Amino acid sequence: MVNYPYPNMVKAVACLLFVGGLSAQTPEQERRLERLEQRMRQLDPSFTTSSAQSWEERLAALELKLDSALAGARPSDPKPQMPAPEPAKEPLSLLSVKGDYESSNDSESRMPVAGYMEAHFNKNRGEPGQADFHRFVLLFGHNFSRRIKFWSELEVEHSFVEGGEESGEVALEQAYLDFLIKPYFNLRAGMLLTPVGLVNERHEPPSFNGVERPFVETFIIPTTWRELGFGVTGDLGHGIRYRGYLMSALNATRLSAEDGLSASRTSGFEASFRNPAKALRVEYAGVRRLVLGFSGYTGRTGNQFLSVNPAVSIASVDGRYSYRRFDLRGLFANTWISQAGKLNMVLQRQNGLGANVGSEMRGAYIEPAIHVMPRKVRQDLILFTRYERFNTQHRMPAGFLPLAEFDRKALVTGFTFKPHADIALKFDYVLNYNASSVIRPLNALNLGLGWWF
Amino acid sequence: MRNFSLCLVGLLCAGAFAEENKDAPARTIAITAERFVFTPSKIRMKQGEVVEFILTSEDTEHGFLVPGTSIHAIIPPRGKGELRVKFVANRKGEFFFECSRACGAGHNLMRGSIVVR
């Protein structure tokens, strides 16, 4: 849109010229022409006409002046522009995004780091309750490129750490590099989570029911179990994924009937790589809301001993499935410890106490759960019960007898309330049983608050 | 006259179908995002095909990013709806998509691929 400097006058002159061209002047037209000439002179004093001139001559002079005024006011012709180069088409062109809640009131603002926390209150029957800020974990990552990525997890346990004191711990749970090559073949190296079981690699508090992690995934499969190592990962298509690592081995000096494998993790501290352990997990996630996993682990654990070098091997099968409001998850794990008899003798000589390590440990659990509220509701209330059976002395080496107190069962019943998908308020009551008629385990009440961000 | 009528009907039908293809709804594919897996994780489509992904989360907030393209959006957490991403495949090849929101211990491997043939 071009703006002329004298818009009204231009219109009037144009009109007059048009009318003048059609008919002879009248006194009224004569007056209007004079007024226009005066106004033109106000704008340009050099403009002159004379009453001696004819009507046509005065109109022609005014027309000429008007043309020159318009010419002066006309903006210069725009510079010819080169047509913008057509952007190269992306391999996949976005057409629309709907339901993107980033711009809605529901969206969250994310910190540059992620993390999870959980605080617990545990009360064994007949004992005073204890509150504990169990885990404060921060996760950091960095992408060196699209194909080289770093990920880490740093944890403070039990909220307080003091040098030389029995209190909490600061632990590096993960710190590794991923070299992403092909969907079906990638490399990973660093401090890795051992790919065994359901919870070890998926341990964010809102991800599982119950204040404490399952007993089977504490004693038979340790969690959080991390070791130094390297290996391969990939997605073979059709929902089949795998992870296979060579890792630092467990430490046999810390095996026991009481704690099973849980204390034997090196967690990357002075971890022996003389006989690296092999760990493999294959998962099938080809059907929506169904994940099946098969895990295997084997490694020599006697790096601290000269006379005995027992192998610990684990095989486990697990699964998770959700159908409408129902969830079901379960796991079975079996652990074999070779040379358990010799190991017990060495540990007895070393510690003065018999560790009574079994040659085979076994555990399983099943956990049905129901979401009380429909899926579309923002809050979630999950009622669950988990039945666990585990025995750290399922089989004993020759010359050793199992103790009935280590043949254990537990029934954990409770709820998880999620006011937000990433916040879990948990309650459960644990009925503990064992096969002993002498040593009775205590039932326990647990409350927990955990969140992910 | 009969031939002319047939031709006219044919042209109208062809025009109607052409219009229908232009505005045809994209093929929709439901994808579930969950720590640390997309299901399905491998999507096959044809060059020039318009596809709409309907992404829902089973747990936390996840991202949906196709590196090298402008496709990047957030999958809301469970109970907060879904994400619909519609796009057209211009070129043949295999393209990755990945979670762009830190979602937990296995975040780096939460990936999938789109195979365009």
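Thresholds, definitions, all that
- Residues numbered from 1 in each chain as written.
- Chains lettered and ligands numbered in written order.
- Predicted model: local features only at pLDDT ≥ 70, side-chain atom pairs only at ≥ 80, totals over all residues.
- Helix = DSSP H or I, 4+ residues; strand = E, 2+ residues; numbered from the N terminus.
- Buried ≥ 20, exposed ≤ 12 C-beta atoms within 10 Å, placed from the backbone.
- Contact = placed C-beta atoms within 7 Å.
- Nonpolar A, V, L, I, M, F, W, Y, C, P; charged D, E, K, R; others polar.
- Pairing = 2+ DSSP bridges.
- pLDDT = per-residue confidence, 0-100.
- Core = buried A, V, L, I, M, F, W, Y, C linked by C-beta atoms within 7 Å.
- Axes fitted to C-alpha atoms, helices over the stretch in contact; angles between N-to-C directions.
- Expected span 1.5 Å × (residues − 1).
- Arc of directions from axis to C-beta.

Caption draft 1: Representation of the overall build of chain A in the model. What chain A contains, in helices and strands, is 5 helices and 17 strands. Scored against the burial criterion, the 453 residues of chain A give a buried share of 34%. The contacts in chain A between residues at least 6 apart in sequence include a share of 58% that link residues at least 24 apart.

Caption draft 2: Inspection of the overall build of chain B at higher detail. Within chain B, the secondary structure is distributed over 1 helix and 9 strands. Its helices and strands in sequence order give chain B the pattern α-β-β-β-β-β-β-β-β-β, from N to C terminus. Counting all 117 residues of chain B, 43% fall into the buried class. Counting contacts in chain B only where the partners sit at least 6 residues apart, residues at least 24 apart contribute 61% of the total.

Caption draft 3: Here's a closer look at the interface of chain A and chain B. Contacts between the two partners involve 49 residues from chain A and, on the opposite side, 48 residues from chain B. Of all the elements in the fold, those that place two or more residues in the side of chain A that touches chain B are strand 1 (92-98), strand 3 (130-143), strand 4 (148-157), strand 5 (169-182) and strand 7 (226-237) of chain A. With 7 residues, the top contributor of residues to the side of chain A that touches chain B is strand 1 of chain A. Of the residues belonging to the side of chain A that touches chain B, the class tally is 16 nonpolar, 10 polar and 23 charged. Here strand 1 of chain A pairs with strand 7 (residues 83-89) of chain B via 6 bridges, running antiparallel. By the bridge assignment, Ser96(A) is partnered in strand 7 of chain B with Lys86(B).

Caption draft 4: Representation of the confidence of the model for chain B within the structure. All names here are of chain B. A residue-level look at chain B finds 79% of positions with pLDDT of 70 or above and a mean pLDDT of 83. The model gives residues 11-22 a pLDDT under 50, and that stretch makes 0 contacts with residues more than four places away or in other chains. Among the scores for the predicted complex, ipTM is 0.76 and pTM is 0.76.

Caption draft 5: Looking closely at the pairing of strand 17 (residues 444-452) of chain A. Residues and elements named next belong to chain A. Because side chains alternate across strand 17, one face comprises the buried residues Ala 444, Asn 446, Gly 448, Gly 450 and Trp 452, and the other comprises Leu 445, Leu 447, Leu 449 and Trp 451, none of which is buried. Here strand 2 (residues 114-124) pairs with strand 17 via 9 bridges, running antiparallel. For Phe 121, the partnering residue across the bridge sits in strand 17 and is Leu 447. Sheet topology places strand 16 (residues 423-434) next to strand 17; 8 bridges connect them, and they run antiparallel. Bridge pairing in strand 17 links Val 430 to Ala 444.

Caption draft 6: Spotlight on the nonpolar core. Grouped together as the largest cluster of nonpolar side chains are 48 residues, with contacts concentrated most on Val216(A), Ile220(A) and Val357(A). For this core, the leading source of residues is helix 5 (residues 340-351) of chain A, giving 4 residues. Apart from the residues lying within four places of it in its own chain, the contact partners of Val357(A) are Leu255(A), Ser256(A), Ala257(A), Ile337(A), Ala340(A), Leu343(A) and Asn344(A). Phe38(B), Phe64(B), Leu83(B) and Ala102(B) belong to the second-largest nonpolar core, a separate cluster that totals 35 residues.

Caption draft 7: Structural view of the environment of Cys99(B). Residue and element names in this part refer to chain B. As for its position among the elements, Cys 99 is in the loop between strand 8 (93-98) and strand 9 (111-116). Placed 47 residues apart in sequence, Cys 99 and Glu 52 show a C-alpha to C-alpha distance of 18 Å. The contacts of Cys 99, once residues within four sequence positions are left out, are Ala 33, His 62, Gly 63, His 107 and Met 110.

Caption draft 8: The sheet that holds strand 4 (residues 50-57) of chain B, seen in detail. If you trace the 5 strands from one edge of the open sheet to the other, you get 1(A)-7(B)-4(B)-1(B)-2(B), paired in mixed fashion. Each edge of the open sheet carries a strand with a single partner, namely strand 1 of chain A together with strand 2 (37-39) of chain B. If you compare each strand with its neighbour and ignore which way they point, the axes differ by 25 degrees on average. Where strand 1 (residues 27-34) of chain B and strand 4 of chain B come together, 7 bridges link them in parallel fashion. Paired with Thr28(B) across the two strands is Glu52(B), which belongs to strand 4 of chain B.

Caption draft 9: Spatial organisation of unusual backbone geometry. In this model, Thr223(A) is joined to Thr224(A) through a cis peptide bond whose omega is -10 degrees. Geometrically, the link from Arg35(B) to Phe36(B) is a cis peptide bond, its omega value of -5 degrees lying close to zero. One can find Phe36(B) in the loop between strand 1 and strand 2. Despite not being glycine, Arg324(A) has its phi angle at roughly 50 degrees, a positive value.

Caption draft 10: How the structure looks around the pairing of strand 6 (residues 72-75) of chain B. Strand direction decides the pairing type here: strand 5 (residues 62-65) of chain B and strand 6 of chain B, joined by 4 bridges, are antiparallel. Bridged to Phe64(B) within strand 6 of chain B is Ala73(B).

Caption draft 11: Layout of the environment of Ser313(A). Residue and element names in this part refer to chain A. Relative to the assigned elements, Ser 313 resides in strand 11 (residues 311-323). Once the C-alpha coordinates of Ser 313 and Gly 299 are considered, the two residues, 14 residues apart in sequence, prove to be 6.5 Å apart. Here Ser 313 is in contact with Tyr 297, Thr 298 and Trp 336, once residues within four sequence places are set aside.

Caption draft 12: The arrangement of the environment of Arg362(A) in detail. Tracing the backbone through its elements, the reader meets Arg362(A) in strand 13 (residues 360-371). When near neighbours in sequence (up to four residues on either side) are disregarded, Arg362(A) contacts Asn334(A), Asn391(A) and His394(A).

Caption draft 13: How the structure looks around the confidence of the model for chain A. All names here are of chain A. Summing up the model confidence of chain A, the mean pLDDT is 85 and the portion of residues at 70 or higher is 86%. Note that pLDDT drops below 50 for residues 1-6; the model gives that stretch 8 contacts with residues more than four away or on any other chain. Between residues 18-23, whose pLDDT stays under 50, and residues either more than four places distant or in other chains, the model counts 1 contact.

Caption draft 14: Highlighting helix 5 of chain A. All names here are of chain A. The end-to-end C-alpha distance of helix 5 is 16 Å, a good match for the 16 Å that 12 residues give at a rise of 1.5 Å each. Of the residues making up helix 5, those classed as buried are Ala 340, Leu 343, Asn 344, Val 346 and Leu 347. Angularly, the buried residues of helix 5 cover 165 degrees about the axis, an arc narrow enough to put them on a single face. Elements in contact with the buried residues of helix 5: strand 12 (326-337). Phi turns positive one or two residues past the end of helix 5, at Gly 352, with a value near 85 degrees.

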